[in-house]
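Observations on the model geometry
Residues per chain, in single letters:
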Amino acid sequence: MKEVSTKDNLQVLHEDNHLIVVNKRVGDIVQGDKTGDKPLSEVVKEYLKDRYNKPGDVFLGVVHRLDRPTTGIVVFARTSKALTRMNELFSQRETQKTYWAVVKNKPSKAAENLVHYLKRNEKNNTSKAHSKEVPESKKASLDYKIIKSLDHYHVLEINLHTGRHHQIRAQLTAIGSPIKGDLKYGFDRSNPDGGIHLHARQLVFVHPVTKETLVIVAPTPIDPLWNAI
């Protein structure tokens, strides 16, 4: 899995005729939105057009998204067949997603399965984690374990079992351990770059065409805290 750098500082983690997987930076939006900012999907399209001298429009399917302040693995499909099959893999939860999160408040348990019921607030674009089911809530489940403790922070490795809106952010806040920099979910101050210390570290899935098992790992961003990890 050769990493490629381009003029847009795009980190390509895996590339073949059907898929391209990149390492999203803080602040990148995966797909265009009302901000009008240039999305990562367009950057990848330009990269493919330039790399392969493609005339006309380049097909690129958005398989899934990451929150704007989050970093890590994002998968795009280069063919409609791959897009359909990858959508099925994600919707059927036939992928293994592993995240790393940095928190200031150490969870009471070194490892735990968290189950909450998340209710989304469309007005402020947040989700609140409830311990019991409430109207219009969706069940959310993840496992975490503490993999490293630093002087003032703790690093959690998280495996998702469901894919709810802001799930990790909401569930960690619910146990009193908001993610570093995440003002929206209760951390006391923002990060200088406007991001949060949540990183989509690893993704494992069966390739939609070749059927080989792919294990994609994304390097963490370069900053003093991630470097210490």
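This text gives an overview of the structure that appears in the document.

How each quantity is defined
- Residues numbered from 1 in each chain as written.
- Predicted model: local features only at pLDDT ≥ 70, side-chain atom pairs only at ≥ 80, totals over all residues.
- Heavy atoms only, no water.
- Helix = DSSP H or I, 4+ residues; strand = E, 2+ residues; numbered from the N terminus.
- Rg over C-alpha atoms; globule rule 2.2 N^0.38 Å.
- Buried < 20%, exposed > 50% of the residue type's maximum accessible area, 1.4 Å probe, protein only.
- Contact = heavy atoms within 4.5 Å.
- Areas by Shrake-Rupley, 256 points an atom, 1.4 Å probe, with all protein chains shown as cover.
- Lys, Arg positive; Asp, Glu negative; His and termini not counted.
- Charge placed at Lys NZ, Arg CZ, Asp CG, Glu CD.
- Phe/Tyr/Trp six-rings, centres within 6.5 Å; stacked < 30°, edge-to-face > 60°.
- Lys NZ or Arg CZ within 6 Å of the ring centre and 35° of its normal.
- Pairing = 2+ DSSP bridges.
- Expected span 1.5 Å × (residues − 1).
- Arc of directions from axis to C-beta.
- Polar contact = N/O pair within 3.5 Å; in protein donor to acceptor, adjacent residues only side chain to side chain.
- Salt bridge = Lys/Arg side-chain N within 4 Å of Asp/Glu carboxyl O.

All right, on to the overall build of the protein chain then. The number of helices and strands found in the protein chain is four helices and eleven strands. Relative to its length of 229 residues, the protein chain is compact, with a C-alpha radius of gyration of 18 Å against a globular reference of 17 Å. In terms of overall dimensions, the protein chain has a C-alpha envelope of 55 × 40 × 35 Å along the principal axes. Expressed as a percentage of its 229 residues, the buried residues of the protein chain come to 46%. Sequence separation of at least 24 residues holds for 61% of the intrachain contacts in the protein chain that already meet a minimum separation of 6. Working note: accessible area of the protein chain is about 12100 Å², and carbon and sulfur atoms make up 46% of it. Computed over 36 positive and 26 negative side-chain charges, the separation of the two mean positions in the protein chain equals 3 Å.

A full pass over the atoms with the stated rule returns zero aromatic pairs. The ring of Trp 100 has Arg 201 sitting right over it, with the charged end atom 4.3 Å from the ring centre.

What follows deals with the pairing of strand 9 (residues 154-160). Moving residue by residue along a regular strand, the side chains alternate between the two faces of the sheet. Here strand 9 lies mainly inside the structure; six of its seven residues are buried. Of the pairings in the sheet, the one linking strand 5 (residues 96-103) to strand 9 comprises six bridges and is antiparallel in character. When the bridges of strand 9 are listed, Tyr 99 appears paired with Ile 158. As paired elements, strand 8 (residues 138-149) and strand 9 share seven bridges and run antiparallel to each other. Of the residues in strand 9, the one forming a bridge with Tyr 144 is Ile 158. Between strand 8 and strand 9, which pair antiparallel in sequence order, lie four residues.

A word on helix 1 (residues 40-51). The terminal C-alpha atoms of helix 1 lie 16 Å apart, and with twelve residues this matches the ideal 16 Å at 1.5 Å per residue to within 8%. When helix 1 is considered as a whole, its buried residues turn out to be Leu 40, Ser 41, Val 43, Val 44, Tyr 47 and Leu 48. Buried residues along helix 1 cover an arc of 160° about the axis, so they all sit on one side. Residues of helix 1 that are buried in the fold lie against strand 1 (12-15), strand 2 (19-24), strand 3 (61-62) and strand 4 (71-77). Asn 53, located one to two residues past helix 1, shows a positive phi value of around 50°.

So, on to the environment of Arg 189. Here Arg 189 shows up in the loop between helix 3 (167-174) and strand 10 (198-206). As a C-alpha pair, Arg 189 and Ile 146 span 43 residues in sequence and 22 Å in three-dimensional space. Apart from the residues within four sequence positions on either side, Arg 189 is in contact with Lys 104, Tyr 153, Gly 181 and Leu 183. There is a polar contact of 3.4 Å between the side chain of Arg 189 and the side chain of Tyr 153.

This part takes up unusual backbone geometry. At Asn 53, a position not held by glycine, the phi torsion is positive, near 50°. In this fold, Asn 53 is placed in the loop between helix 1 and strand 3. The phi angle at Lys 211 is positive, at roughly 70°, despite the residue not being glycine. Tracing the sequence through the fold places Lys 211 in the loop between strand 10 and strand 11 (213-217).

It is worth spelling out the pattern of salt bridges at this point. Charged atoms that come close allow side chains of opposite charge to pair. Summed over all chains, the structure comprises twelve salt bridges. Among the ionic pairs, Asp 28 bridges to Arg 25, the shortest N-O distance being 3.4 Å. For Asp 28, a relative accessible area of 14% translates into the label buried. In this structure Arg 25 comes out as partly exposed when scored by relative accessible area, which is 38%. We note a salt bridge from Lys 145 to Glu 157, for which the minimum N-O separation is 3.8 Å. Pair noted here: Lys 145 is in strand 8 and Glu 157 is in strand 9, with a separation of twelve residues, a long-range link. Each member of the salt-bridge network shares a partner with another, and the members are Asp 67, Arg 169 and Asp 182.

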